[in-house]
Amino acid sequence: MIAVALAGLRKAFGGHDVFAGLELTVLERETLAILGPSGSGKSTLLRCIAGLETPDEGSVAVNGEVGYVFQEPRLFPWLDVEGNVAFAARTPQERARVAEVIELVGLTGAAKRLPKQLSGGMAQRAGLARALVRNPKILLLDEPLAALDALKRLELQAAIRDIVRLTHATAVLVTHDVNEALYLADRVVVLGGHPATIVQSQVRNGVPPIDRDEILRALGVRLDAGESARGEAI
Amino acid sequence: MVRFVLPVALVALWFASTAAGWVKPYQLASPGAVASELGTLFASGQLQSDVWASVERVAIGFACAFVLALVLGSLAGSTRAARLAIDPTLQAIRAVPSLAWVPLILIWLGIGEPAKIVLVAIGAFFPIYVSIVSGIEGIDRKLLEVARVLDTGRLKLIAQVMVPATLPQLLIGARLGLTQAWLFLVAAELLAASRGLGFLLTDGQQLSRTDEVLVAILLFALCGKLTDMGMYALERRLTGWADTATA
Ligand SMILES: Nc1ncnc2c1ncn2[C@@H]1O[C@H](COP(=O)(O)OP(=O)(O)O)[C@@H](O)[C@H]1O
Ligand SMILES: [Mg+2]
């Protein structure tokens, strides 16, 4: 039932604690969105889950294969889309899935293109396909849409939502876009403070229901300045 | 069109000055004399033999340098310890103008083929070595992280990430190395040779045959240009994926 469990997580860089005793549990098949000001430790959190950073204290338990999508597509420039996706395949079964996941992200027509021939949105789709080829139980997405223009972002948000539903994956999505978090997530947490803790946590369909204003306040948005503050991506 | 103006003017001047007798044939042979010398050397087979001798020395010397640079460069690029063990020494050797090794090489190896090949190899080695080390150091950390997050094995990491990522630098180094190889070949063949384009140069000089000297110069230019074009074509073919201005 539990996909990811962080307990008493401490992580410091150069004597400066990013986390000091962070607790976080992600349920299976849940989509968790993590919001927080930049520098609050969102990427560090994902990197600890993925094993890219070693915690200084505490435990990280991950139950299942992990797929990671970076903020930049990080494609190998010498491989075409197909080659980049196939790079992640280890078994014949996974290799057989390459064409399937390329279709899933809507890149079938561009499978033979090199990264330099892709638009930003297409490159990000390719990065997503690479993360999907192992059929991961847990998908970690670190601001995957931050570099895209508004329309492309909406398109890819829908694609991510469909893919997560279709693959029954657990997803942890870091974003700085409150609307994106509310659109995609079953649960939204806000990181804040030094060292960072979870300063706000809200569940969709929970009691009380999800409160956007509370999330915005937790992020330090001043709502008394009027309606204009609402709906702004922070 | 404008690119042809200067060369055509120079050749015309060459024609005019030799035809009008402003310069003597022992100072500068006429274009006709150079062409006929080219024909004579070709007919006798000496031209082919000299070109082949030079190409062979460049090829062997370059190949030795390439293999050695690949091994040492990969070692120096792979771990910090290996880097510390290898690099300072090589950088110190590199600081010596390479032709300063000539007397030692001649004392150790005499004036035969090995000395020439070693000299060519010394010339070609450093550009290749330096570019491999800097190529490995310059590999995008973010791409290495992708490999890490995918638990990529060591062999696959080397073959499918490190090698292709280093290839553009390696090929640039190889091209520079090849240019250096020709440069050092001239030096080696000028010192002592009984065959080769450098021999044609010294032979022409001793006999005051400027036509022969000019034939040798033309052939050097041709060989250098052809091998450089070959290298460039290889570079374009193997690294066409690079997102650069010329691609
Ligand atoms: N490799 C690192 N070395 C030193 N400091 C780091 C490193 N990675 C992150 N940090 C620091 O840790 C803090 C959290 O960073 P990060 O997790 O990237 O934040 P976010 O993703 O929320 O913007 C920042 O203060 C950042 O400067
Ligand atoms: Mg970040």
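Residues numbered from 1 in each chain as written. Chains lettered and ligands numbered in written order. Predicted model: local features only at pLDDT ≥ 70, side-chain atom pairs only at ≥ 80, totals over all residues. Heavy atoms only, no water.

Caption draft 1: Broad picture of the overall build of chain A. Helix and strand counts for chain A come out as seven helices and nine strands. In chain A, which comprises 234 residues, the share counted as buried stands at 50%. Long-range contacts, defined as pairs at least 24 residues apart, comprise 67% of the intrachain contacts of chain A with a sequence gap of at least 6. Surface summary for chain A: the accessible area is close to 10300 Å², and the carbon and sulfur share equals 52%. Taking the average location of the 26 positive side-chain charges in chain A and that of its 28 negative ones, the two points are 4 Å from each other. (Helix = DSSP H or I, 4+ residues; strand = E, 2+ residues; numbered from the N terminus. Buried < 20%, exposed > 50% of the residue type's maximum accessible area, 1.4 Å probe, protein only. Contact = heavy atoms within 4.5 Å. Areas by Shrake-Rupley, 256 points an atom, 1.4 Å probe, with all protein chains shown as cover. Lys, Arg positive; Asp, Glu negative; His and termini not counted. Charge placed at Lys NZ, Arg CZ, Asp CG, Glu CD.)

Caption draft 2: Quick peek at the interface of chain A and chain B. Counting from both sides, the interface comprises 19 residues of chain A and, opposite them, 18 residues of chain B. Each partner contributes to the roughly 1800 Å² buried at the junction of chain A and chain B, and carbon and sulfur atoms together form 65% of this total. On the chain A side of the interface with chain B, the three residues burying the most area are A:Trp78, A:Phe87 and A:Lys116, jointly 41% of the side's total. Between the two partners, chain A and chain B, sit three salt bridges. In this structure, B:Glu145 and A:Arg74 form a salt bridge, with 2.8 Å as the shortest nitrogen-oxygen distance. Taken together, the connections running from chain A to chain B amount to nine residue pairs in polar contact (both at pLDDT 80 or more). (Buried area = accessible area lost by both parts, 1.4 Å probe. Salt bridge = Lys/Arg side-chain N within 4 Å of Asp/Glu carboxyl O. Polar contact = N/O pair within 3.5 Å; in protein donor to acceptor, adjacent residues only side chain to side chain.)

Caption draft 3: Focus on the confidence of the model for chain A. Taken as a whole, chain A shows an average pLDDT of 88; of its residues, 94% reach a score of 70 or greater. Confidence, expressed as mean pLDDT per element, reaches its minimum in chain A at strand β9 (residues 197–203) of chain A with 77 and its maximum at helix α2 (residues 81–87) of chain A with 96. (pLDDT = per-residue confidence, 0-100.)

Caption draft 4: Structural view of the site of ligand 1. Residue and element names in this part refer to chain A. Inspection of the region around ligand 1 gives Phe-13, Val-18, Pro-37, Ser-38, Gly-39, Ser-40, Gly-41, Lys-42, Ser-43 and Thr-44 as its neighbouring residues. Separating an oxygen atom of ligand 1 from a backbone N or O atom of Ser-40 is a distance of 3.3 Å. Within the contact set of ligand 1, an oxygen atom lies 2.5 Å away from a side-chain nitrogen or oxygen of Thr-44. Coverage of ligand 1 by the protein amounts to 57% of the 560 Å² it exposes when considered alone. Take the shell around ligand 1: its biggest share by element is three residues, from helix α1 (residues 42–50). In terms of residue class, the shell around ligand 1 is made up of three nonpolar, six polar and one charged. (Near = heavy atom within 4 Å. Nonpolar A, V, L, I, M, F, W, Y, C, P; charged D, E, K, R; others polar.)

Caption draft 5: Region of the structure containing the sheet that holds strand β2 (residues 16–27) of chain A. Residue and element names in this part refer to chain A. Here we have three strands laid out as an open sheet, ordered β2-β1-β4, and antiparallel in their pairing. The strands lining the two open edges of the sheet, one partner per strand, are β2 and β4 (57–62). Going from strand to strand, the sheet's axes swing by 15° on average, the running direction of each strand aside. Both strand β1 (residues 2–13) and β2 contribute to a ladder of nine bridges, which runs antiparallel. Looking across to β2, one finds that Ala-5 is bridged to Thr-25. Contacting β1, β2 and β4, α1 crosses the sheet at an angle of about 120° to β1. (Pairing = 2+ DSSP bridges. Axes fitted to C-alpha atoms, helices over the stretch in contact; angles between N-to-C directions.)

Caption draft 6: Main features of the sheet that holds strand β5 (residues 66–69) of chain A. All names here are of chain A. In spatial order, the strands read β5-β6-β7-β3-β8-β9; together these six strands make up an open sheet with mixed pairing. Two strands in the sheet have a free side with no partner beyond their single neighbour: β5 and β9. Ignoring strand direction, the axes of neighbouring strands in this sheet form an average angle of 15°. The pairing of β5 with strand β6 (residues 138–142) spans four bridges and is classified as parallel. Within β6, the position partnered with Val-69 by the bridge is Leu-141.

Caption draft 7: Structural context of the pattern of salt bridges. Per the stated rule, a full pass over the model turns up 28 salt bridges over all chains. For A:Glu72, the salt bridge identified is with B:Lys142, shortest N-O distance 3.7 Å. Of this pair, A:Glu72 sits in the loop between β5 and α2 while B:Lys142 sits in helix α7 (residues 141–149), placing the two residues on different chains. B:Glu235 is the salt-bridge partner of B:Arg175, the closest N and O atoms lying 3.7 Å from each other. Of this pair, B:Arg175 sits in helix α8 (residues 154–191) while B:Glu235 sits in helix α10 (residues 210–238), and the two are 60 residues apart along the sequence. Since its relative accessible area comes to 24%, B:Arg175 is described here as partly exposed. Judged by its relative accessible area of 13%, B:Glu235 falls in the buried class.

Caption draft 8: Geometry of unusual backbone geometry. For A:Arg74, which is not a glycine, the phi torsion comes out positive at approximately 50°. Considering the arrangement of structural elements, one finds A:Arg74 in the loop between β5 and α2. A positive phi angle, close to 55°, is found at B:Asp151, a residue other than glycine. Relative to the assigned elements, B:Asp151 resides in the loop between α7 and α8. For B:Asp151, a relative accessible area of 67% gives the class exposed.

Caption draft 9: Region of the structure containing a nonpolar patch on the surface. On the surface, B:Leu104, B:Ile107, B:Trp108, B:Leu109 and B:Val118 cluster together into a nonpolar patch covering about 510 Å² of accessible area. Tracing the chain through its elements places B:Trp108 in helix α5 (residues 102–109). (Patch = residues over 30% accessible without salt bridge, like charges linked within 9 Å, V, L, I, M, F, W, Y side chains within 5 Å.)

Caption draft 10: Quick look at the packing of aromatic side chains. All told, the structure shown has eight aromatic pairs over all chains when counted by the stated rule. When the centroid spacing of 4.5 Å and the interplanar angle of 35° are considered together, the rings of A:Tyr68 and A:Phe70 count as tilted. Taking relative accessible area as the criterion, A:Tyr68 reaches 8% and is therefore assigned buried. Overall, A:Phe70 belongs to the buried group, its relative accessible area being 6%. Every member of this aromatic cluster is reached through a ring pair, and the members are A:Phe76, A:Trp78, A:Phe87 and B:Trp241. Sitting over the ring of B:Phe4, B:Arg3 keeps its end group 5.9 Å from the ring centre. One cation-aromatic arrangement involves B:Lys156 over A:Phe87; the distance from NZ or CZ to the ring centre is 4.3 Å. (Phe/Tyr/Trp six-rings, centres within 6.5 Å; stacked < 30°, edge-to-face > 60°. Lys NZ or Arg CZ within 6 Å of the ring centre and 35° of its normal.)

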